[in-house]
Structures are given as C-alpha cells and as structure tokens.
Amino acid sequence: MPISSGEKFDVIVVGSGASGGWACKRLSEAGLKVALLEAGRPQSDKNFSEHQPAFSLKYRNMAAEFIRKTRPVQSVFDVCNEYTADWFANDLEEPYTTPKDQPFLWMGRVRMTGGRTNVWGRVSLRFSDLDFKSASHDGFGEDWPLSYKDIAPYYDLVEKYVGICGSKEGLDHLPDGQFQPPMAMTCQESLFCDRLKTKMGRFGMSARSANLTRPLSGRGACHYCGPCERGCMTHSYFNSAFTTVADALRTGNCTLISNAMVHKVLMDAPKNRASGILYIDRNTKQPHEIHARTIILCAQTQESTRILLNSATREYPNGLGNSSGALGRYFTAHVRSAGGSGDFPAFGATPSTGGPRKPVGIYVARFRNLPGQPAAKNFLRGYGYEGESSVDFSWNAPGFGDAYKKALREPRVRVGITGFGEVLPRWENFVELEPSVRDIYGIPAVKIHMADSENESAMIKDIGDSAGEMLEATGAKNVRTYAHPSAPRWALHEAGTARMGVDPKKSVLNQFQQSHDIKNLFVMDASGFTSNPCQNPTLTIMALCVRSCDYVLDSMRKNEL
C-alpha cells in the first residue's frame, strides 16, 4: 500500500529543471508551501568536474564502450561521458520504445536536481509574433493562445535573473532582450558575420547565451574554462540547481524530495480535482503518496505526458485531462542534421590543448519565410544556425622529426554552422504508453512515434545548401556541407504533446498552461507548446512558467483553485 505523507502542501511541483525551478521559486517566495519532487539525487558543487583533467579518471575518459553498456542512448549525447554518466538515466532501467522504422534517440534524461539545465547548450532566444501567430502567417496548424506582448515582461524578468549575454540587433522576428555584454567573437567569426550581412543581408551575431559576462547575485563571470556540461563551480552558467531551486529552498517554504519517480497524478473524482501524486522511491522501490491543492508538472515533454497517460481514470480513460484526444499528439523536436564548415585564415591564432575555451559561438538568425519576402518554394517555417570557429593542429601533417613538429603546429582554422529547423506539429508524431514495457519501478514506459515529413526533408536540404552558399560568400575555402535525415538524433528540444489552445476540443491546456478539464492541474514545461519555432525553447519555457505561476497565485487569492 502507498505510504502517505501527513505534511500539507499548497502545491506539488514535479521536476526541478528550467520550469520546475522557476515554479518553486515563484510560488514559495510568495508564501506557498511547495513540495518539489525530483527523480534524481541532489546536485552540489562537489559533483562538478570542469577543471578535472582526464588523466585523473579511471578510464581517462576514453572508454566509451564502458558508458554504452548502461547508457547506450544517453551516451550518444556527447556530454554523457565518464565525467557525468551517473548524472543520466540508465537506459536499461528506464526503457522506452519506438517503431522499427522510426528510430528516435531520447537523450538528456538527467537524474540530478536541475534536470537538463545541468548539461544544456544555454542558447537563449526569444520567440516573436511570427512564431506565436505562425498559423495566421502561413495557414498551417494553430496559433498560440497568447501573443508576444503577453510574454514580453516575463522574458525581461527571466533574462535579468538568469543572466543572458548577447547583442541587440533590432530584428522583429528575433526580439532583443535584457542582455549582459556579448562574448567577443573570434576574428574568423567576426569576418563571417560581417561578410554575411554585407554580401547576403543575413544576420550573424555572438550567440545569446545563459553564460555570465558580468558578476550577478554572487555568481561569477565566465572564466572560459570550457566544459560547461560538467558543471560550473563559479555558477557562471545557468543551472536551476544553484539558482531558482536554491532560492526556493532558502525561503523555508519549499521541501525537496529527491529520488522520487512519479507514477501518476491522484484524483478526487467526485470533485474532478487533482489531489496529489503517487511516486516511487528510487532507492527503496516503495510507493508514496503526497497531497496538495494544486499539481504542476514540469518533468520534461515526454515525461510529463507519460505521467498524464499513466494517470488514466474511469472519467479520463485515455489519459488525465484528455477529453480532446490531443494528449500525446503533435510531438515536435528540432531538425539539426544539416550544415557545413569551411577553412578561414588563422589571423595569428595558434592551436592549444589547454584553452581558454569560449563557451559560446555565433548564431545566424532565421532568413527564410519572413514577412515581406517571397516564400520558400517547398517548405513552411524556417531555421537558424548555431556555429563556432575552431583552431586545431595540422594532425595530417607530413614528414617526421623537426619538420613534422613544425608542420604539426601550423593552425587549421574552420568555421562550422549547424542548422536548427522547426518541425511542423503534426497529429502523426505522437507519444503513447507501451504497457508491455515497464521501468524497474514498475511504471509503464512510452512509445515515441516521430518522423520527418516532406516539409522537414525539404528544409534539411535547404539548410545544407544555404550553409554552403554562406560559407563560400564569406570567403571560406574547402567548404563541406551535409544534409541528413533527422532520425534517429533530433535536437534535444522536444515540445508539444499537451498543447495550449483556445478550443478545449483541440487542445489540452489554456494559455496559462492549465488543464481545460481539471482546473488545479498545470503542465509548465514545453509540453504545452502549440508549435516549436526554430529558436531554442528553454528561455520561453521559463518565461511561460513564471507567467503561469502568477496566474496560479492570483487564482488562489480569488479562491478559484
């Protein structure tokens, strides 16, 4: 029988990542009693290894096969390695399935406080009304039930707290924000961006990133040590574990419950209200119940939807809050399988094995299907590029002895750009339960159905072609491009499956990420995205969460929850 907690809470938050951390901070600082359920163990600075040399590790970080034994999926994500493997879910203990002809790598399943913010790429971009109202622009899908002006104040709030470095460019489709100074571009990156604007009218810039360039609230500015994915002792990058979650815990109103694998949302059926959460303790494998007035899921897109599907009741046989039938549907990610690279002059740069290593590169803003320009012939929506320059040794240098040593040190400088493109939200891409497969905690797993449509295939080709055109136009030599199908490795930017909308018959949540069916149930991660624009989603996840939490607070004051 489940073990019930006698402690009373106002809110239960499931997940401590980008949105879960903000939900706990916003609500506990307002005086609410919050229980934070996190599937992983606590995170602390002692786990960070960004300054630890590889030779100090047992396998020198060179035994990839050892990591693959328990994390065959997670280890495809290159930040899951000997330094950090125990941060990630064990794929054998927490399986999922896909159709044989639709492989999908569900990477970044972190089991530490902070979730994916421990290892994210940190590119932080705003959406615009071209994104929120994309259906009105091109006729596909549905508009979001909110506009840019609704979320703009929350972008401001989040950016000031998180610390986003970047430059103001004045682009309507990529709105400027509250920035710290940008990180300086390398000579090659500056040359590329300057020529790109002059010769093609396209905008490249220093990447807008959640890395501090100035101290902020006790956090130090980045010191360019490089491997952010292994942690940051100076707290120079944004990780909810030492920012939002830490703020929430300091209030005394937030209780962190670690190693809690959430199974389902509990319901008070006669009142049609969510009453609590059933979770399994990862260490003891024992079930526990915890109860509260309001439930907020922030577990990550597939995880939150899995919880709702596993929470089916007699009243909601197809998943909790699923009267529309849209739960699990319209699953999206980003294509990231096309791009290019080319050689640039060294400008005096010399290769080094010791750094410093700049944690951010450049971003090329979307230039396809913008208002006032001809539409692309064979695909809707658009894409941007993330890129960087690299200086390396001439490893293929000929000769031997002194001549070889000299040739080896001749720098090889390349600029590489990778496209990130929008995937159209389609009914055919979805997540469902796989009841015959369970994890080691007895919780049914999910089956992920995801494939490129003709739109994505055409976009991927254009991303590769455009990368080559831009590199050649900016003077690159030995240009190489690629354009591959997305599967099985999509970007780790999953969204949808519990989409927001005005019409309860076609959506799961309203504009405040509140269930249409169950008024005290919210889903505040990217599950609620009506579409998944080409910009990285995390900044918008956080801004939407803060906005929705203010709605929760207002509703509680009015006794409406």
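Details of the structure are given in the entry above.
Not measured: the values here are computed from a predicted model.

## Some points on the overall build of the protein
Broken down by element type, the protein carries 11 helices and 19 strands. Over its C-alpha trace the protein gives a radius of gyration of 23 Å, about what one expects of a compact globule, namely 24 Å for 561 residues. Seen along its three principal axes, the alpha-carbon backbone of the protein occupies a region of about 80 × 55 × 50 Å. Expressed as a percentage of its 561 residues, the buried residues of the protein come to 60%.

## Here we look at the side chain of S515
Counting through the fold element by element, S515 comes out in the loop between β18 (477–483) and β19 (521–523). According to the relative accessible area criterion, S515 is buried, its value standing at 3%. Of the polar contacts made by the side chain of S515, one reaches the backbone nitrogen of D517; its length is 3.1 Å. Beyond its immediate stretch of four places on either side in the chain, S515 contacts G321, V508, L509 and L521.

## Thoughts on the state of the cysteines
This model, assessed by the stated rule, comprises zero disulfides. In this structure C193 is not part of a disulfide, and its nearest cysteine sulfur, from C187, lies 12 Å away. Overall, the relative accessible area of 4% leaves C193 in the buried class. Among the cysteines around C545, which has no disulfide bond, C549 carries the closest sulfur, lying 4.1 Å off. On the basis of relative accessibility, which here comes to 0%, the residue C545 falls in the buried class.

## Topic: empty space enclosed by the protein
Per the counting criterion, the structure on display carries two cavities of 30 Å³ or more. What the largest cavity holds in volume is close to 90 Å³. Residue lining of the largest cavity: 14 residues in total, with C222, C225, C228, C232 and S236 positioned closest to the centre. In the lining of the largest cavity, the residues fall into seven nonpolar, six polar and one charged. Roughly 50 Å³ of volume is contained in the second largest cavity. Taken together, S128, L130, D131, H173, L174, Y363, R366, C534 and Q535 form the lining of the second largest cavity. In terms of residue class, the lining of the second largest cavity is made up of four nonpolar, three polar and two charged.

## Thoughts on the packing of aromatic side chains
Counted under the stated rule, the structure contains 24 aromatic pairs. When the ring of F367 is compared with that of Y383, the centres are 5.5 Å apart and the planes differ by 80°; the resulting orientation is edge-to-face. Pair noted here: F367 is in the loop between β13 (362–364) and β14 (383–392) and Y383 is in strand β14, with a separation of 16 residues, a long-range link. Residue classification places F367 among the buried residues on the basis of a relative accessible area of 8%.

## Looking at the packing of helix α5 (residues 148–162) against helix α11 (residues 538–557)
The interhelical angle for the contact between α5 and α11, taken along N-to-C directions, is 110°, at an axis separation of 8 Å. Relative to α11, the element α5 lies roughly perpendicular. Between α5 and α11 lies a crossing whose hand is right-handed. Along the contact surface, α5 presents D150, I151, Y154, Y155, L157, V158, E159 and V162, while α11 presents L539, T540, M542, A543, L544, V546, R547 and D550. Its residues assigned to classes, the contact of α5 with α11 shows 11 nonpolar, one polar and four charged.

## Some points on the nonpolar core
Residues I12, V13, L27, L37, V265, I277 and I290 are the most contacted members of the largest nonpolar core, which totals 79 residues. In terms of residue count, α11 provides more of this core than any other element does, 11 residues in total. In terms of nonpolar packing, the next biggest core, distinct from the first, is built from 53 residues, A85, F331, V335 and A338 among them.

## Focus: helix α10 (residues 454–473)
When the terminal C-alpha atoms of α10 are compared, their 28 Å separation across 20 residues agrees well with the 28 Å that a helix rising 1.5 Å per residue should span. The first or second residue beyond α10 is G475, which carries a positive phi of 95°.

## Description of the packing of helix α6 (residues 187–200) against α10
One can describe the packing of α6 onto α10 by two numbers: an axis separation of 9 Å at closest approach and a directional angle of 100°. Looking at the two axes, α6 sits roughly perpendicular to α10. Contacts between α6 and α10 involve F192, L196, K199 and M200 from the first element and E469, M470, L471 and A473 from the second. Its residues placed into classes, the contact of α6 with α10 shows six nonpolar, no polar and two charged.

## What to know about the pairing of strand β17 (residues 444–449)
Among the six residues that make up β17, five are buried, leaving the element largely enclosed by the rest of the structure. By the bridge criterion, six bridges tie strand β16 (residues 430–438) to β17 in an arrangement that is antiparallel. Counted as the bridge partner of F430 is H449 from β17. From the end of β16 to the start of β17, which pair antiparallel, there are five residues, and G442 there has a positive phi angle of about 85°.

## Description of α5
Look at α5: 20 Å from first C-alpha to last across 15 residues, which is about the 21 Å you get at 1.5 Å a residue. Restricting attention to buried positions, one finds in α5 the residues Y148, I151, A152, Y154, Y155, V158, E159 and V162. Where α5 is buried, its residues meet α1 (18–29), α3 (129–132), β4 (164–165), β5 (179–180) and α11. Just beyond α5, the residue with positive phi is G163, at close to 90°.

## Looking at the environment of F430
Examined against the element boundaries, F430 turns out to sit in strand β16. Among the residues examined, F430 registers a relative accessible area of 15% and is labelled buried. Between the C-alpha atom of F430 and that of L327, which follows or precedes it by 103 residues, the distance is 8.7 Å.

## Thoughts on the pattern of salt bridges
Tallied over the entire structure, the rule returns 29 salt bridges. R41 is the salt-bridge partner of D86, the closest N and O atoms lying 3.1 Å from each other. With a gap of 45 residues between them, D86 in the loop between α2 (64–68) and α3 and R41 in the loop between β3 (34–37) and α2 connect regions that are remote in the sequence. Across the pair E303 and R111 runs a salt bridge, and its minimum N-O distance is 3.0 Å. One end of the pair, E303, is in helix α8 (residues 301–310); the other, R111, is in the loop between α2 and α3, with 192 residues separating them in the sequence. Among the residues examined, E303 registers a relative accessible area of 9% and is labelled buried. Look at R111 and you get buried, because its relative accessible area is 9%. Each of E94, R109, R111, R282, E303, R306 and D439 takes part in a single network of salt bridges with overlapping partners.

Rules used throughout
- Residues numbered from 1 in each chain as written.
- Predicted model: local features only at pLDDT ≥ 70, side-chain atom pairs only at ≥ 80, totals over all residues.
- Heavy atoms only, no water.
- Helix = DSSP H or I, 4+ residues; strand = E, 2+ residues; numbered from the N terminus.
- Rg over C-alpha atoms; globule rule 2.2 N^0.38 Å.
- Buried < 20%, exposed > 50% of the residue type's maximum accessible area, 1.4 Å probe, protein only.
- Polar contact = N/O pair within 3.5 Å; in protein donor to acceptor, adjacent residues only side chain to side chain.
- Contact = heavy atoms within 4.5 Å.
- Disulfide = S-S within 2.5 Å.
- 1 Å grid on protein atoms, 1.4 Å probe; cavity = no way out; pocket = protein on both sides within 12 Å on 5 of 7 lines; lining within 4 Å.
- Points joined across faces, edges and corners; volume = space filled by probe spheres on them.
- Nonpolar A, V, L, I, M, F, W, Y, C, P; charged D, E, K, R; others polar.
- Phe/Tyr/Trp six-rings, centres within 6.5 Å; stacked < 30°, edge-to-face > 60°.
- Axes fitted to C-alpha atoms, helices over the stretch in contact; angles between N-to-C directions.
- Parallel < 35°, antiparallel > 145°, perpendicular 65-115°, else oblique.
- Left-handed = near helix turned anticlockwise from the far one by under 90°.
- Core = buried A, V, L, I, M, F, W, Y, C linked by side-chain atoms within 4.5 Å.
- Expected span 1.5 Å × (residues − 1).
- Pairing = 2+ DSSP bridges.
- Salt bridge = Lys/Arg side-chain N within 4 Å of Asp/Glu carboxyl O.

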